[in-house]
Every structure is written in C-alpha cells, then in structure tokens.
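So you can see what is in the structure, the chains are spelled out below.
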Amino acid sequence: MEKEKIIIFDTTLRDGEQAPGFSMTVEEKVTMAKQLEKLNVDVIEAGFAAASPGDFEAVRAVAETVKNCTVCSLARALETDIEKAGEALASAEKKRIHTFIATSPIHMKYKLKMSPEQVLERAVSAVKFARNFTDDVEFSAEDAFRSERDFLFKIFEAVIDAGAKTINVPDTVGYAMPEEFGQLIADIKSNVPNIDKAVISVHCHNDLGLAVANSLSAIKNGARQAHVTINGIGERAGNAALEEVVMAIKVRHDYFKNVYTEINTKEIYKTSRLLCRITGSFVQPNKAIVGDNAFAHEAGIHQHGILAHRETYEIMRAEDVGVPASKIVLGKHSGRHAFKTRLEELGYKNLSEEEIDRLFIKFKELADKKKEVFDEDIEALLFEELFKKYEEVKLLYFHILSGNSAIPSSTVKILKDGEEITASSHGDGPIDSALRALEKALGITGRLKDYTIRSLSAGKDAMGEVRVMVDFDGTTTSGKGTSTDIIEASVKAYLDAYNRYIARKTFIENRISGGI
Ligand code: KIV
Ligand code: ZN
C-alpha cells in the first residue's frame, strides 16, 4: 500500500501567538518562520492579516521571506478580511487563504446571531471570493465538533463545490474524546459526497489534554492535514504539539502504517528552543519530546538497562529530534575557531563574521565569570545579540546597595535618545529598588504582571534567565534578560519589555499614519 503524506500545517505564529505572553514582533516571527522552513513544515500560518497592522506586516514579511513552505493567513468569512489576507500574501511563492466561520448552534446563535442558512451562504461566498487571490483556499468550520452533523456535512459539501481545497475540522474548545473525534472524520468521509476533491484537516485544542490524541485519531480515520504548534502553544491550554504528533507517527510507523510526514525531525529541538528564547517561556521539564528530562534516565535500574541495551527504556533517540549530544562545551581558553565550530554544531551556520566577532567578545566576558560555558549559555548570548536591533534604550550601568540590615537602594544609568540619564531609588528588595530606579530613568511606570527566574545550566556560577511580563499603558509585553548576576538579568528583562513596547508602539503608529 502506498503511503500518504500528512500535511503539517503549523499555526505557532497565529493560534500560538494569540495566547497571552506569546506575542512576537515582526522580526521574531520572521526568525521563527525561517526555522519552521528548516523544519520543513508544509504550511506556515503566519498570522491573521486583518487583525492588526502588526499582524498584517508579519504575514507580509513572512510571505516575502519564506520560499519552500506555503504561507497562509487567517481571514474571517468577510470580504474585507480576505482582501487584507490576499494583499499581505501577494509576494508569497506559495500562498493559502484560510477562511473560517462558526457552525455550532451555540456560536451561530449567540456570537454570530446568524441562521444556519446565512452561515452557509457566507461560507460559500467567502471561499469563492478567496479564490480570486489564490487557488489554495482552506475553509474551517469553527467549533465543528459541537456542530450538528448534517449541517456540517452540508456546509463542507458546499464550500468544496465553491472551490475550497482543504476543509478543516476544529475542536475549538477541546471537548472531543479521541474515539469520537476519529469517528467524526470517518463520518465526514462517508457523508460528504465530493470529499475526494478536498483534504480533510484537523485543528485540536488541548483543554482536556487530548489535542494530540484527537489529532492522531483523526489521522487514523482519514485526516491528511494536522494543524499543530511548536511546544503545543495556543489559545488557553494550547493546540496539538507538532513534535508529539510528528514523533508519534514516526516512532509508531508500525501503527500508522500508511502515513508519513516530511518533517526534518532533527530540527525539532532547535525549533522548540528558539520559540522558548523568543517568547521567554519555557516548556515543563517532563514535556514529551522537547522537555529537559525527555531523554534523561535517572533511576539506577533504568540506567543499567540503557547501558546493557538502549531499547530497554528508549523508544527514540535524542539525536533523532536534534538534542545535542554533548552538553559541556567551552571555557575561557577556547578560541574563536572552537566557538564558531560550536555555533555551527548547534545549527547557527549563517552568522556573519562580524556577528561572530561580536558574540565571541561576549563569550569571553562570560567565560571569565564562569568556568564552563554550556550550549544554553551560548544560545542566550546569541539571542541577546540578534534581537538588539530594536533596542531603543540601552543600559549603561547599575549599582545596588543591599543586605539584611540595609534599605536596598539602586542607581541606574541608561542611554535614551542619545542622552545619558541617571536615576536612583529605594525599594523593598534589591530587584524592586533597581526596577524603580530604571522606571524613574525611563519616565514611565509599568505594572509587573509576572516575574520568573531560572538557571540556564548547572553550577552556582550559572547564568540566570529572568522573564517578565509588564503592562505599560495597557499594553502587555514580555521581556527577558540573562546574566550571571540575577539583578542585572532582572534589569535587562524589564528594559527588554520596555523596548518591545516602544518598538510595537512606534511600528503601529507608523503603519497607521502610512494608512494601512
Ligand atoms: O480553534 C479554532 O477553531 C481556530 C479556527 C480559526 C481554525 O483557531
Ligand atoms: Zn484554534
């Protein structure tokens, strides 16, 4: 029997980015899209072009950059949305418009305030209109799982007649059980008369922790496209995780006999790490495939088994998903050549000599502070350097006075609009006083909504990574900073959030005055 391909539709940059704390700048989305291209996903949903000027620009920039994947924009079943999607995708080599409307009784009645007949008519005209921009049109029946079956079959038949090449079946609220969801796909196959003219796709949310199971059950029953996200990020509890769906199909090829994906699995780990770095949020250590403990064998009996015969406790190899083999890398005696080689081994092959020089100086400074420089440390340096482009305000220095019998006080000096500004403040701890001093210098007060700190590697001299979420004037941005000094990491993270806030504000103001 000939194997059929499962189309991997990645929606990290759309559904994933929609979740609080995961927003990305245009530049970050482009960086992520380039990595998704290396991972070899089939479709990248780059955003929802009509949602905001930022989303429009991100779809446009990804469409311009990515060559080997289809680039897609989401659009409500509205001509204005579809036009924006078509415009943003204009330069894409391969483009897709993904239009959607809700089909469940509860959504039609309370959200859309439309009758099923009106919804059907709108869906058909949206698909026809989208065909003016591309032949590759996907239609989603939002909340499909809670929709009445006969209506669902009818709307799918009508949109396929209208020119949809893919029909997507979302479990929008993550309500389905795997057996039921698989059965729904089987029923669509046998009740939609023209289903042979379209690909059946699924989009599962993880509210009950079943997004991956539901997606796999759908594939077993005839779905040939899965909407997924890196690390499973997405609205509420997230979407089906790309790495889990893909590795389940690969590892259990005996079970998924007639299907395969074209994902370059060796890029999985790097893609997951890149997303963590960009968004500043980490995966839990026991997360399947990409968590820190996913390949760690702690119990003696397991270690013994692994040494005797690897497959006693291992169903896949860390190398298969691109987890680097050695963890300890360089130290203060390592030269530029060794540093460059390690960067290449970690997959960063396209850096310019000038970028490597800049990074090497940072690496030497770090190696002076800590004995062993781990892969995680190198990646942290890399991302700090790469994302400096939008750095409006720079930290020049900070000074802290603290102790268990002193009132913590800090002085911070920054460079803002070419001017050096110094400010001081007290606080109820060293971090509080440093952030207050920074706010005085910036001339703005933010609300710190979240603060997390973790060590990037082992050892008392490890680099600390701080992640913050700050509300500036009603806009929440995230920021991150790394340093062997946790106060410095905190100040950097706060400043990073401020710079992102300014970058976003400036960008949106420019686009609005530019008239999109
Ligand atoms: O969850 C959902 O239903 C969606 C659709 C827009 C596909 O994200
Ligand atoms: Zn969704």
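Structure: above.
Below you will find a few notes about this structure. Note that the coordinates shown come from a computational prediction; the quantities given were computed from them, not determined experimentally. (Residues numbered from 1 in each chain as written. Chains lettered and ligands numbered in written order. Predicted model: local features only at pLDDT ≥ 70, side-chain atom pairs only at ≥ 80, totals over all residues. Heavy atoms only, no water.)

Structural notes on the overall build of the protein
Right, on to step 1. Helices and strands together make up the secondary structure of the protein, namely 17 helices and 18 strands.
Right, on to step 2. Scaling as 2.2 N^0.38, a compact globule of 516 residues should have a C-alpha radius of gyration of about 24 Å, and the protein matches this with 25 Å.
Right, on to step 3. Its C-alpha atoms give the protein principal-axis dimensions of about 75 × 65 × 45 Å.
Right, on to step 4. In the protein, of all internal contacts separated by at least 6 residues, the share reaching a separation of at least 24 is 66%. (Helix = DSSP H or I, 4+ residues; strand = E, 2+ residues; numbered from the N terminus. Rg over C-alpha atoms; globule rule 2.2 N^0.38 Å. Contact = heavy atoms within 4.5 Å.)

Re the coordination of the zinc ion (ligand 2)
Right, on to step 1. Only Asp15 (OD), His203 (NE2) and His205 (NE2) from the protein reach the zinc ion (ligand 2) as donors, at distances of 2.0 to 2.1 Å.
Right, on to step 2. Spacing between the donor residues of the zinc ion (ligand 2) along their common chain follows D-x187-H-x1-H. Of this pair, aspartate 15 sits in helix α1 (residues 12–18) while histidine 203 sits in strand β8 (residues 199–204); the two residues are 188 residues apart in sequence, bridging distant segments of the chain.
Right, on to step 3. Residue classification places histidine 203 among the buried residues on the basis of a relative accessible area of 6%. (Donors = N, O, S within 2.8 Å, 3.2 Å for Na, K, Ca; no water. Buried < 20%, exposed > 50% of the residue type's maximum accessible area, 1.4 Å probe, protein only.)

So, helix α13 (residues 336–345)
Right, on to step 1. Every buried residue belonging to α13 is among Phe339, Arg342 and Leu343, and all of these are buried. For α13, the angular spread of the buried residues around the axis is 100°, confining them to a single face. Opposite the buried face of α13, at more than 90 degrees from it, the exposed residues are His337 and Glu345.
Right, on to step 2. Glycine 347 occupies a position one or two residues after α13 and carries a positive phi of about 100°. (Arc of directions from axis to C-beta.)

Some thoughts on the side chain of threonine 482
Right, on to step 1. With respect to the secondary-structure elements, threonine 482 resides in strand β18 (residues 475–483).
Right, on to step 2. Residue classification places threonine 482 among the buried positions, given a relative accessible area of 7%.
Right, on to step 3. Beyond its immediate chain neighbours, meaning those up to four positions away, threonine 482 contacts Ala380, Glu384, Leu456, Met463, Gly464, Glu465, Ala489 and Lys492.

Regarding the nonpolar core
Right, on to step 1. Within the largest apolar cluster, 121 residues are counted, with the highest numbers of intra-cluster contacts made by Phe139, Phe156, Val169 and Ile188.
Right, on to step 2. In terms of residue count, the dominant contributor to this core is helix α7 (residues 149–162) (nine residues).
Right, on to step 3. Residues lining this core come from more than one domain, with at least three contributed by each of domain 1 (4–279) and domain 2 (296–387).
Right, on to step 4. Beyond its immediate chain neighbours, meaning those up to four positions away, isoleucine 188 contacts Phe153, Phe156, Ile167, Val169, Ile195 and Ile200.
Right, on to step 5. Membership of the second largest hydrophobic core comes to 26 residues, among which are Val393, Val470, Phe472 and Ala489. (Core = buried A, V, L, I, M, F, W, Y, C linked by side-chain atoms within 4.5 Å. Domains from an automatic or database assignment.)

Points about the site of ligand 1
Right, on to step 1. Neighbouring ligand 1 are Arg14, Asp15, His98, Phe100, Ser140, Glu142, Asn168, Pro170, Thr172, His203 and His205.
Right, on to step 2. One nitrogen or oxygen atom from the side chain of aspartate 15 is found 3.1 Å from an oxygen atom belonging to ligand 1.
Right, on to step 3. Interatomic distance of 3.1 Å between a side-chain N/O atom of histidine 203 and an oxygen atom of ligand 1.
Right, on to step 4. Isolated, ligand 1 exposes 260 Å² of accessible area, and the fraction of that covered by the protein chains is 94%.
Right, on to step 5. Counting residues per element, the ones that place at least two in the shell around ligand 1 are α1, β5 (95–102), β6 (137–142) and β7 (166–171).
Right, on to step 6. Taken together, the residues that form the shell around ligand 1 break down as two nonpolar, six polar and three charged. (Near = heavy atom within 4 Å. Polar contact = N/O pair within 3.5 Å; in protein donor to acceptor, adjacent residues only side chain to side chain. Areas by Shrake-Rupley, 256 points an atom, 1.4 Å probe, with all protein chains shown as cover. Nonpolar A, V, L, I, M, F, W, Y, C, P; charged D, E, K, R; others polar.)

Nothing here speaks to function; it is geometry throughout.
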